[in-house]
Amino acid sequence: MQDLLNAATLGSIYLLFALGMALVWGTIGILNFAHGATFMFSAFVGHLVSRETELPFLGVIGVAVVTGAVISTLTQLLAFQPILKRSKSQHHAEMRILIGGIGVAAIPLALAQRETRSSPFGFTSSYKAEVFEILGLRLTTTSAVIIVAGLAMGIGLTLWLRRSRQGLALRAIGVDAETSSGMGVNRTALALGTMAVAGALAGLAGALLTFHLGAIAPETGDQLIIKAFAVIVLGGLGSMLGTVIGAYVLASAETFVLYMNWGTWVDAVSFGLIFLILLARPQGLLGRKEVRRT
Amino acid sequence: MGSGALKRKALLAAVAMTTVLGTAACGSGDGGGSDGDGGIADTIKIAQVQDQTGAVAYAGLGASEGAELAIDEIEEQGFLGDGVKIDLEKFDTAGEIERASSEMSKAMGDRGISAILGPVSTQQAATVAPLVGRQKVPTVFTQAGGAGVVINDYTFRATPPMESYYESVMDYLEEKGAKKISILYNATFPTFALLGEDDVPAMAKDRGMEVVQSLPVQMTTQDFTGQAQQVAREGSDALVMLLIAPQSVTALGQLEDAGYDGQVVATSVQAAGNIKAAGDSADGLVYPVPFSVAMEGESSQAFTEAFKKKFDKEPNPYAADGYDAMWWIARAIKASGDSSREGIRKGLEQVAEEGFTGAMGDLTFDGNDARIDGVLVQWNGGKESLATAG
């Protein structure tokens, strides 16, 4: 049972990180490789601010969420939007956006590495995690917040995309960007809003993960981006519920490997499992089957 | 004399003049990186091919500061002769093996460079070590404690490998009465894999201790909740924690959350304030270091004072590495009286035979590889102090 609880915490960490990336990739078609840097830099700004003035838990979260939203919006405005404007179609822009994202990510990474010398950094906060035991299971307050936040955000975003008008418009862009524009969907404004929400989610994940781990390094975001990529592909691109399930499947596989004390096989076993699932369902667990017209 | 003959004479004269000037430049002037032509150049160019950015930038940047302090002292003392300057040229390996290889090639290709301070990570160092032997450029590595680094006449290492001074940790645990130990180690980090799988179990066996648990993790492992709970459940007397800097911070917090109350011992990676972010969870942590500001030896204290004066902060073990490596090179040039690549190689061997006293204390050498006793320090309230088992 304790291991299930650990898997739930780890899955929620992956989920919080992957949600923003999945939202942007699955709707406006941007595979944002700067998401990891946004995540890290939001936490880094939280670190800088809390170093000057001790902040409560929600204060740090607020700083990181706002920073994430700002970075992501600026990335869309200054990098991705100009790339899209100069490209003949979304398809032509994809590779340039991918490279652009990697380029954008290098800036906050270099700044944080320079300031910290790549040493780990955390927050100076009045919040101290407490450990409580229920039925012999140990859980910290931070883990509990992460599990609740991960599930709430995952389910909330899924419902919002399915039931709201903006969600419908975003899904329409995901299916056919040109036609949805013709139907009156303001693609530019929605893309900007989506990137801001994704950045805010990255900031939330950055702050919560830093509280949970005690500290992160400037390179932490790079490691998580591979996991998020796997989670989204496993769940099925375009399906937020798939992302939720993908995150917990990956975390469960990793926790099982750790439980068996095959520590060095974590990535090999969990990614091998994903590979096997994708052999059976190339579109991912809940992804749409792609229709190719010839 | 015809015009053709005149032209030939003028050409010969020009070639002769160029040869003379070229020889003069090699013998006494700039660079002095050519092979075995004797004498100490006015300006000696040393390359530092180490991480200035990336995951282990703290090691390369620390070494830079130590090397810069050493250069100041060497020049101020006129150690290599009046007006002799050392020009430190930095090449950033940015935490990448391929980059380390290309930057080393660049540095070795510059004939003006006489010696190199080589990469700090074992993977990078082991990759470039054969190149160093082929290109015949004396290279002094700092850190890079794994195997495959000191492998030919041109490779030297100023930082003793961790396993050579890890015995002190096991002695400490023995004195504390530890009988059962757990090991949590990063199995994808060569130095830690060697320690975790071979050296620590062997040292424990020699002291009558039992390794009751061995938990390998990867470089990408970030959450240690599961491992911390396993360690707490086992309840061993001590945990040998062999993890990189951010992993250690997380593991210590999660060990505390899991209720583990045994002694935790770690490695020099936790020095340089890398464990500070763990806050109170790191209190009581013990680790061996080749250098600490808590060291009481005269040369170590003098280094600490000089460093504080120059940089307005305390030095870390990486700075001590860079400082001792640069002084080793300077002593080598003086010993051989030759700042060429071949002269420095010979000098480094000469100095290694005798040993010298530096920031890390008395350095002796096993071939081209440094050895020191090291000290055991304990982290408490954000500061290091010398650890005692009592």
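Worth saying up front: this structure is predicted, and the values here are computed from it rather than measured.

### Concerning the overall build of chain A
Counting secondary structure elements, chain A contains 11 helices and two strands. Put simply, chain A runs from its N terminus to its C terminus through helices and strands in the order α-α-α-α-β-β-α-α-α-α-α-α-α. Compactness check: chain A gives a C-alpha radius of gyration of 19 Å against a globular reference of 19 Å for 294 residues, within 12% of the reference. Its C-alpha atoms give chain A principal-axis dimensions of about 55 × 45 × 35 Å. Buried residues in chain A amount to 53% of all 294 residues. Taking as baseline every contact in chain A between residues at least 6 positions apart, the subset at least 24 positions apart corresponds to 76%. Total accessible area on chain A is roughly 13500 Å²; 66% of this is exposed by carbon and sulfur atoms.

### Overview of the pairing of strand β4 (residues 113-118) of chain B
Consecutive side chains along a regular strand alternate between the two faces of the sheet. Residue and element names in this part refer to chain B. Burial runs high along β4: six of the six residues are buried. Pairing of β4 with strand β5 (residues 139-141) involves three bridges; the strand directions are parallel. The residue bridging isoleucine 116 from the neighbouring strand is threonine 139, located in β5. Taken together, β4, helix α4 (residues 122-135) and β5 constitute a β-α-β crossover, and its handedness is right-handed.

### A closer look at the pattern of salt bridges
Under the counting rule described, the total for this entry stands at 18 salt bridges over all chains. Across the pair lysine 227 of chain A and aspartate 267 of chain A runs a salt bridge, and its minimum N-O distance is 3.1 Å. Here aspartate 267 of chain A lies in helix α11 (residues 266-280) and lysine 227 of chain A lies in helix α9 (residues 220-235), a separation of 40 residues in the sequence. With a closest N to O distance of 3.5 Å, aspartate 369 of chain B and arginine 371 of chain B form a salt bridge. Given a relative accessible area of 8%, aspartate 369 of chain B falls into the buried group. Under the relative-accessibility criterion, arginine 371 of chain B is labelled partly exposed at 24%. Linked through salt bridges whose partners overlap, the residues forming this network are Arg157, Asp366, Asp369 and Arg371 of chain B.

### Thoughts on the nonpolar core
Tyr14, Ile28, Phe39, Met40 and Leu208 of chain A are the most contacted members of the largest nonpolar core, which totals 78 residues. Apart from the residues within four sequence positions on either side, phenylalanine 39 of chain A is in contact with Phe17, Ala202, Ala205, Gly206, Leu209, Ile216, Thr220, Gly221 and Leu224 of chain A. Core analysis: the next-biggest nonpolar cluster, separate from the first, contains 72 residues, Ala215 of chain A together with Phe79, Leu348 and Ala370 of chain B among them.

### A few points about the side chain of serine 125 of chain A
All names here are of chain A. Topologically, serine 125 is positioned in the loop between α4 (90-116) and β1 (131-134). A polar atom in the side chain of serine 125 sits 2.8 Å from the backbone oxygen of leucine 55. Within the structure, serine 125 has its side chain in polar contact with the backbone nitrogen of tyrosine 127 (distance 3.0 Å). With near-sequence residues (within four places) excluded, serine 125 lies in contact with Glu54, Leu55, Pro56, Phe57, Val60 and Phe211.

### Some remarks on the domain arrangement of chain B
Residue and element names in this part refer to chain B. Annotation of chain B at the domain level lists domain 1 (43-160 + 296-373) and domain 2 (163-289). Inter-centroid distance (C-alpha atoms) of domain 1 to domain 2 is 29 Å. Across the contact, 12 residues belong to domain 1 and 13 residues belong to domain 2. Between domain 1 and domain 2, the buried area comes to about 940 Å², and carbon and sulfur atoms account for 58% of it. Along the contact surface separating domain 1 from domain 2 lie zero salt bridges. Linking domain 1 with domain 2 are zero residue pairs in polar contact (both at pLDDT 80 or more). Considering only residue class, the side of domain 1 that touches domain 2 consists of five nonpolar, five polar and two charged.

### With respect to the packing of aromatic side chains
Per the counting criterion, the structure on display carries 19 aromatic pairs over all chains. Between phenylalanine 17 of chain A and phenylalanine 39 of chain A, the ring centres sit 5.0 Å apart and the planes meet at 80°, which makes this aromatic pair edge-to-face. Here phenylalanine 17 of chain A is found in helix α1 (residues 2-27), whereas its partner phenylalanine 39 of chain A is found in helix α2 (residues 35-52), with 22 residues between them in sequence. Of the two residues examined, phenylalanine 17 of chain A and phenylalanine 39 of chain A, each falls in the buried class. Between tryptophan 328 of chain B and phenylalanine 365 of chain B, the ring centres sit 4.5 Å apart and the planes meet at 40°, which makes this aromatic pair tilted. In this pair, tryptophan 328 of chain B sits in helix α10 (residues 317-336) while phenylalanine 365 of chain B sits in strand β13 (residues 361-366), placing the two residues 37 residues apart along the sequence. Each of the two residues, tryptophan 328 of chain B as well as phenylalanine 365 of chain B, counts as buried. Three or more aromatic residues link up through ring pairs in this structure, and these residues are Phe291, Phe303, Phe307, Phe311 and Tyr323 of chain B. We note lysine 334 of chain B situated over the ring of phenylalanine 79 of chain B; from NZ or CZ to the ring centre the distance is 4.3 Å. Sitting above the plane of the tyrosine 154 of chain B ring, arginine 345 of chain B keeps its charged end 5.4 Å from the centroid.

Conventions used here
Residues numbered from 1 in each chain as written. Chains lettered and ligands numbered in written order. Predicted model: local features only at pLDDT ≥ 70, side-chain atom pairs only at ≥ 80, totals over all residues. Heavy atoms only, no water. Helix = DSSP H or I, 4+ residues; strand = E, 2+ residues; numbered from the N terminus. Rg over C-alpha atoms; globule rule 2.2 N^0.38 Å. Buried < 20%, exposed > 50% of the residue type's maximum accessible area, 1.4 Å probe, protein only. Contact = heavy atoms within 4.5 Å. Areas by Shrake-Rupley, 256 points an atom, 1.4 Å probe, with all protein chains shown as cover. Pairing = 2+ DSSP bridges. Right-handed = clockwise from strand over helix to strand, strands pointing away. Salt bridge = Lys/Arg side-chain N within 4 Å of Asp/Glu carboxyl O. Core = buried A, V, L, I, M, F, W, Y, C linked by side-chain atoms within 4.5 Å. Polar contact = N/O pair within 3.5 Å; in protein donor to acceptor, adjacent residues only side chain to side chain. Domains from an automatic or database assignment. Buried area = accessible area lost by both parts, 1.4 Å probe. Nonpolar A, V, L, I, M, F, W, Y, C, P; charged D, E, K, R; others polar. Phe/Tyr/Trp six-rings, centres within 6.5 Å; stacked < 30°, edge-to-face > 60°. Lys NZ or Arg CZ within 6 Å of the ring centre and 35° of its normal.

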